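Listed here are the chains, written in short residue letters.
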Amino acid sequence: MTMKMDIKGTIEQMERGEQDFALLALRNYNTQMNHCFNFSKEDELDRQLLGGLVLGFLDRELQPSCQLACLETIRILSRDNHCLEPFITLSAMSTLARYAGIGVVSSAAPPQSQPVEGQGEEEGGKEAAQVSSEEVKEVSPPSENSDQEVIAESLKSISNILLHNETGQGVAADLQLIKGVAERLKQCYDPNWIHEVRFFDLRITFLLTALRVDVRAQLVRELHGISLLANQLDATLGLCWPGPLETARAGLEGVPPEQLPPLSRQQTELAMEILKILFTITFDTTRRQVDEEEMAEYRHLGAMLRHCLMSHADGEERTDEFHSHAVNLLGNLPLPCLDVLLIPKVQPGSIEYMGVNMDAVNMLLEFMEKTLDRGLKLKETLLPSLNLLTESARIHRETRKFLRSKVLPPLRDVTNKPEVGSALRNKLVRIMTSIDTDVKDCAAEFLFVLCKESVSRFVKYTGYGNAAGLLAARGLLRGGRDSGIYSEDEESDTEEYTKAKAHINPITGVVQEEQPNPMEGMTEEQKEYEAMKLVHMFDRLSRTNFIQPMQLGMDGKMSEISPGDLHKLAHNPLFQPEEQANSDSEEEAQ
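All values derive from a computational prediction rather than experimental measurement.

Colleague: Break down the overall build of the protein for me, with residues and values.
Modeller: Helix and strand content of the protein: 27 helices and ten strands. Here the protein holds 590 residues, and the buried ones make up 48% of them. Within the protein, contacts between residues at least 6 apart in sequence are counted, and of these 72% link residues at least 24 apart. Accessible area for the protein stands at about 30000 Å²; split by element, carbon and sulfur atoms hold 51% of it.

Colleague: Quick rundown of the pairing of strand E4 (residues 246-249)? Include the residues and the values.
Modeller: Where strand E3 (residues 239-243) and E4 come together, three bridges link them in antiparallel fashion. Residue pairing across strands places Gly243 opposite Glu246, the latter belonging to E4.

Colleague: I'd like to hear about helix H3 (residues 44-58), residue by residue, with values.
Modeller: Over its 15 residues, H3 extends 21 Å from the first C-alpha to the last, a length consistent with the 21 Å expected when each residue adds 1.5 Å. Taken residue by residue, H3 has Glu44, Asp46, Arg47, Leu50, Gly51, Val54, Leu55, Phe57 and Leu58 as its buried positions.

Colleague: Summarise unusual backbone geometry; cite the residues concerned and give the values.
Modeller: A positive phi is found at Lys377, a non-glycine position, where the angle reads about 45°. Here Lys377 is to be found in the loop between helix H16 (359-374) and helix H17 (378-381). The phi dihedral of Glu453 is positive, around 55°, even though this residue is not glycine. For Glu453, the position within the fold is in the loop between helix H21 (437-450) and helix H22 (455-462). Residue classification places Glu453 among the buried positions, given a relative accessible area of 3%.

Colleague: Tell me about the confidence of the model for the protein, and please be specific about residues and values.
Modeller: Mean pLDDT over the protein works out to 84, with 82% of the residues at or above the 70 mark. Segment residues 107-145: pLDDT under 50, and 61 contacts once partners within four positions in sequence are set aside and those in other chains are kept. Scored below 50 in pLDDT, residues 581-590 shows three contacts in the model against residues more than four places distant or in partner chains.

Colleague: Explain the side chain of Ser311 to me, using residue names and the numbers behind them.
Modeller: As for its position among the elements, Ser311 is in the loop between helix H14 (292-309) and helix H15 (316-330). When near neighbours in sequence (up to four residues on either side) are disregarded, Ser311 contacts Arg249, Leu263, Thr319, Phe322 and His323.

Colleague: Residues and numbers for the pattern of salt bridges, please.
Modeller: As enumerated under the stated definition, the model contains 32 salt bridges in all. Note that Asp201 and Arg184 form a salt bridge whose closest N and O atoms lie 2.7 Å from each other. Residue Asp201 is found in helix H10 (residues 195-211), and its partner Arg184 is found in helix H9 (residues 177-185); the two are separated by 17 residues along the sequence. You can call Asp201 buried: its relative accessible area is 3%. Connected through shared salt-bridge partners, Glu391, Arg394, Glu445, Glu453 and Arg474 make up one network.

Colleague: Residues and numbers for the nonpolar core, please.
Modeller: Inside soluble globular proteins, nonpolar side chains tend to come together where they are buried. The biggest cluster of nonpolar side chains holds 143 residues, and the ones touching the most others in it are Leu428, Phe446, Phe458 and Leu471. Take this core: its biggest share by element is nine residues, from H21. When residues no more than four places from it in sequence are discounted, the contact partners of Leu471 are Phe448, Val455, Phe458, Val459, Tyr464, Leu476 and Leu477.

Colleague: An account of helix H25 (residues 524-543) is requested, with residue identities and associated values reported.
Modeller: Here H25 contains 20 residues, and its C-alpha end-to-end distance of 29 Å stays within 8% of the 28 Å for a straight helix at 1.5 Å per residue. Residues of H25 that are buried: Met532, Val535, Asp539 and Ser542. Seen from one end, H25 has its buried residues packed into an arc of 85°, which puts them on one side. Along H25, the residues that are exposed and aim more than 90 degrees away from the buried face are Tyr529 and Arg540.

Colleague: With reference to specific residues and values, describe the packing of aromatic side chains.
Modeller: Applying the stated rule across the entire model yields three aromatic pairs. Taking the centre distance of 5.7 Å and the plane angle of 65° together, the rings of Tyr353 and Phe402 count as edge-to-face. Separated by 49 residues along the polypeptide, Tyr353 in strand E5 (residues 352-353) and Phe402 in helix H19 (residues 397-407) bring together distant segments of the chain. Residue classification places Tyr353 among the partly exposed positions, given a relative accessible area of 27%. Looking at Arg79, its charged tip hangs above the ring of Phe37, at a distance of 4.1 Å from the centre.

Cut-off values and rules
Residues numbered from 1 in each chain as written. Predicted model: local features only at pLDDT ≥ 70, side-chain atom pairs only at ≥ 80, totals over all residues. Heavy atoms only, no water. Helix = DSSP H or I, 4+ residues; strand = E, 2+ residues; numbered from the N terminus. Buried < 20%, exposed > 50% of the residue type's maximum accessible area, 1.4 Å probe, protein only. Contact = heavy atoms within 4.5 Å. Areas by Shrake-Rupley, 256 points an atom, 1.4 Å probe, with all protein chains shown as cover. Pairing = 2+ DSSP bridges. Expected span 1.5 Å × (residues − 1). pLDDT = per-residue confidence, 0-100. Salt bridge = Lys/Arg side-chain N within 4 Å of Asp/Glu carboxyl O. Core = buried A, V, L, I, M, F, W, Y, C linked by side-chain atoms within 4.5 Å. Arc of directions from axis to C-beta. Phe/Tyr/Trp six-rings, centres within 6.5 Å; stacked < 30°, edge-to-face > 60°. Lys NZ or Arg CZ within 6 Å of the ring centre and 35° of its normal.

Next up, the structure:
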């Protein structure tokens with residue numbers, strides 16, 4: 001009830017049109033509502049009316065304090081996605097963009113092109129694009145009051161509108177707000193901009209690119225978004241470049257990564273926002289051709305991402321979040337760019353393997369194991385790092401050998417199943433039977449690559465039962481090796497494994513005590529009788545669709561056996577199902 005009276009009183013003061021009374025009323029309202037994020041439905045119309053009145057005030061000449069109060073009110077009101085009607089018009093968004101310093105001035109006033117009821121957003125967008133292409137535009141300067149608090153409040157309001165309203169997103173795209181933001185992002189090395197302005201410039205860029213495909217393409221192609229944001233990341237992290245693709249913290253050159261001070265909270269916030277935008281605009285790079293110029297950009301970016309991996313934030317949780325964004329973006333880079341992880345020279349304290357600096361690869365491995373241990377949302381948290389390690393191991397021999405030494409060291413324990421234990425191999429084998437097919441396939445693929453895609457080696461470390469899913473999918477159940485290209489290094493078995501090898505059950509991957517033969521002492525007639533009982537049981541279950549009998553084909557893949565074929569197979573073990581016989585004859589004919 002109090003809130004209702006307050007908002008009505010605020011409206012009354014605003015309707016008087018006097019700046020001093022409006023300022024006092026808005027300050028009281030803002031103080032009361034500053035921490036409110038849930039709004040009552042009964043006041044919706046009043047809030048919309050207040051929003052319209054405040055926007056009207058912003059079109060007048062106002063004192064800086066009154067500008068700020070008006071924009072704070074809009075920030076609060078724009079939290080309610082049911083009351084955004086006053087703020088998503090072309091004129092309202094233009095006003096907010098002008099105060100934020102990201103408005104685009106055109107030689108002719110653009111028509112109102114945001115979608116209206118009954119008109120699709122795409123249709124309205126095409127009309128706006130046609131008009132804007134005929135106009136010469138430039139980024140407008142900030143409003144006469146260059147107070148950065150005013151700019152920040154405007155940016156926050158625009159951010160709320162973009163987050164909650166599709167029409168507002170379309171209007172922002174039509175107004176070319178991304179151009180205004182991009183112009184200010186170019187000033188990333190200017191220390192005069194406050195943190196909030198820099199952060200919400202990036203937040204608006206993220207929302208526009210994540211929600212609008214056209215804006216995403218515009219940022220990449222027209223505004224050179226990759227290099228623009230790479231410079232932003234460079235400035236945020238305070239980097240210097242001792243070598244072409246080697247990074248260091250400016251003023252702390254030569255200091256080992258583990259001894260660098262943690263990034264400040266503000267640095268981390270900005271860096272994570274930049275990484276999110278870069279992820280959004282690069283997600284398709286692995287699915288298209290990349291030219292030499294783009295490749296150079298991505299390698300430069302990869303060097304900075306390596307620096308991110310080796311940096312720490314203020315606290316373990318924030319560090320893990322920061323590293324997660326860096327890993328996600330690394331996964332978008334073209335595979336040939338991943339060699340930047342290995343470029344830095346070996347320094348005192350570095351992890352060296354085969355003469356190569358493995359600090360970044362080791363950090364990725366530790367990060368992957370940490371997310372695996374947490375066990376939360378493995379598809380979202382584990383797969384990016386696991387995929388990245390898999391692809392790195394596939395294309396870089398040194399990386400594969402290093403990872404194999406860590407994940408699949410020479411096998412000594414042959415008494416416990418591969419999935420039992422606390423070693424990283426045991427953890428990965430355990431999720432090879434996960435109910436999430438993406439997770440289990442990714443874990444199996446990683447171990448398979450570390451085994452150089454050799455079936456015998458893969459089965460040795462995981463057990464045939466755990467390996468069967470991947471082998472069946474690849475047609476490798478009969479053994480052999482997949483088509484990957486790997487170096488021919490020797491497989492060295494430990495003494496413990498060599499002694500126990502003859503007694504290891506290949507299905508479970510461990511030594512098992514010899515079991516008594518259940519058919520020992522039976523006559524041939526008794527054995528045949530038991531075999532027929534088993535066939536009849538399979539036949540009965542298959543006819544009721546309880547099971548589907550399968551057989552292993554010559555191509556290493558499983559194929560169905562029909563009930564009729566199953567019955568014939570029982571009487572003639574050499575019988576070959578018709579479908580498979582036909583496929584074999586076709587292969588021979590080819």
